[in-house]
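Overview (structure and organization)
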Amino acid sequence: KQEVTQIPAALSVPEGENLVLNCSFTDSAIYNLQWFRQDPGKGLTSLLLIQSSQREQTSGRLNASLDKSSGRSTLYIAASQPGDSATYLCAVEYTDKLIFGTGTRLQVFP
Amino acid sequence: DGGITQSPKYLFRKEGQNVTLSCEQNLNHDAMYWYRQDPGQGLRLIYYSQIVNDFQKGDIAEGYSVSREKKESFPLTVTSAQKNPTAFYLCASSLTTNTGELFFGEGSRLTVL
């Protein structure tokens, strides 16, 4: 069964810390993997998309890596800020479906 | 600005009533999707459309209906047959299916009284 898991479910850190969010998937035959941010009561905002042939993608303070063989992706956030507080979701695309994780709720406090 | 517009943002419905949620995109995307989000669960796919005048059931289509008469529009009707309709509904689009980046609207929160 294809499953996507995000651990931890919630994370609280002080401002300025570098942090890593994890996304695990059981079927490594992925098409691509996408990271999203969701603020409370809002839609999802695309952060980074990694194609299956890529190892990582970077945007500003964000870096996402992909290791298909181990079924893992990590989202690295450098120098975290209170404005980074949100829920972060990963979504794994296969040829016939897109599966979302349940997200990691991040709080960055001043 | 290009994007996806969902309306209304909040909607209240009495039991037994059908309601329609609007989704419009000006990204010139062929593929459009409707997802449902419940607390503690991942997004679940209701319906998707790869092209105008075509749509397919997702994982939880029962009690919902859609139409795709125009490329820009993909409305979702929540019928009285949907047993537990209170949820946050998200519309999304992509250039085509299986080509990557998915863009979302701001969502519509439906509450059944």
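Figured I'd write up the structure that's included with this text. Because the structure is predicted, anything quoted here is derived from the model rather than measured. (Residues numbered from 1 in each chain as written. Chains lettered and ligands numbered in written order. Predicted model: local features only at pLDDT ≥ 70, side-chain atom pairs only at ≥ 80, totals over all residues. Heavy atoms only, no water.)

With that out of the way, let us pick up the overall build of chain A. Each helix and strand counted, chain A has zero helices and eleven strands in total. By the compact-globule yardstick of 13 Å for 110 residues, chain A fits well, its C-alpha radius of gyration being 13 Å. Taking the principal axes of its C-alpha atoms as reference, chain A extends roughly 40 × 25 × 20 Å. Relative to its 110 residues, chain A shows a buried fraction of 44%. As displayed, chain A has an accessible area near 5200 Å², and 47% of this comes from carbon and sulfur atoms. Taking the 9 positively charged and 10 negatively charged side chains of chain A as two groups, their mean positions are separated by 3 Å. (Helix = DSSP H or I, 4+ residues; strand = E, 2+ residues; numbered from the N terminus. Rg over C-alpha atoms; globule rule 2.2 N^0.38 Å. Buried < 20%, exposed > 50% of the residue type's maximum accessible area, 1.4 Å probe, protein only. Areas by Shrake-Rupley, 256 points an atom, 1.4 Å probe, with all protein chains shown as cover. Lys, Arg positive; Asp, Glu negative; His and termini not counted. Charge placed at Lys NZ, Arg CZ, Asp CG, Glu CD.)

Take the sheet that holds strand S6 (residues 56–59) of chain A next. All names here are of chain A. Pairing is antiparallel across the open sheet formed by five strands, whose spatial order is S1-S3-S8-S7-S6. Lying at the two open borders of the sheet, with one neighbouring strand each, are strand S1 (4–7) and S6. Averaged over all pairs of adjacent strands, the angle between their axes in this sheet comes to 15 degrees, without regard to strand direction. The pairing of S6 with strand S7 (residues 62–67) spans four bridges and is antiparallel. The partner of serine 59 across the bridge, within S7, is leucine 62. (Pairing = 2+ DSSP bridges. Axes fitted to C-alpha atoms, helices over the stretch in contact; angles between N-to-C directions.)

So, on to the interface of chain B and chain A. Taken together, the contact pairs 16 residues of chain B with 19 residues of chain A. Here chain B and chain A share an interface that buries about 1400 Å² over both sides, 50% of which is from carbon and sulfur atoms. In this structure, the connection of chain B to chain A is made through one salt bridge. A salt bridge links Lys42(A) to Glu106(B), with the nearest nitrogen and oxygen atoms 3.9 Å apart. Secondary structure elements with two or more residues in the side of chain B that touches chain A: strand S4 (31–37) and strand S9 (87–94) of chain B. (Contact = heavy atoms within 4.5 Å. Buried area = accessible area lost by both parts, 1.4 Å probe. Salt bridge = Lys/Arg side-chain N within 4 Å of Asp/Glu carboxyl O.)

Looking now at the sheet that holds strand S3 (residues 19–25) of chain B. Residues and elements named next belong to chain B. A sheet is described by the order of its strands in space; here four strands give the open sequence S1-S3-S8-S7, paired in antiparallel fashion. Strand pairing shows two members of the sheet lacking a second neighbour, strand S1 (4–7) and strand S7 (64–66), which therefore form its edges. On average, each strand axis in the sheet is tilted by 20 degrees relative to the strand beside it, whichever way the strands run. Here S7 pairs with strand S8 (residues 76–78) via three bridges, running antiparallel. Directly across from valine 66, in S8, lies its bridge partner leucine 76.

On to the environment of Leu11(B), then. All names here are of chain B. Among the secondary structure elements, leucine 11 is positioned in strand S2 (residues 10–13). Considering only alpha carbons, one finds leucine 11 and phenylalanine 103, 92 residues apart in sequence, at a separation of 22 Å. Apart from the residues lying within four places of it in its own chain, the contact partners of leucine 11 are Val19, Leu21, Arg109, Leu110 and Thr111.

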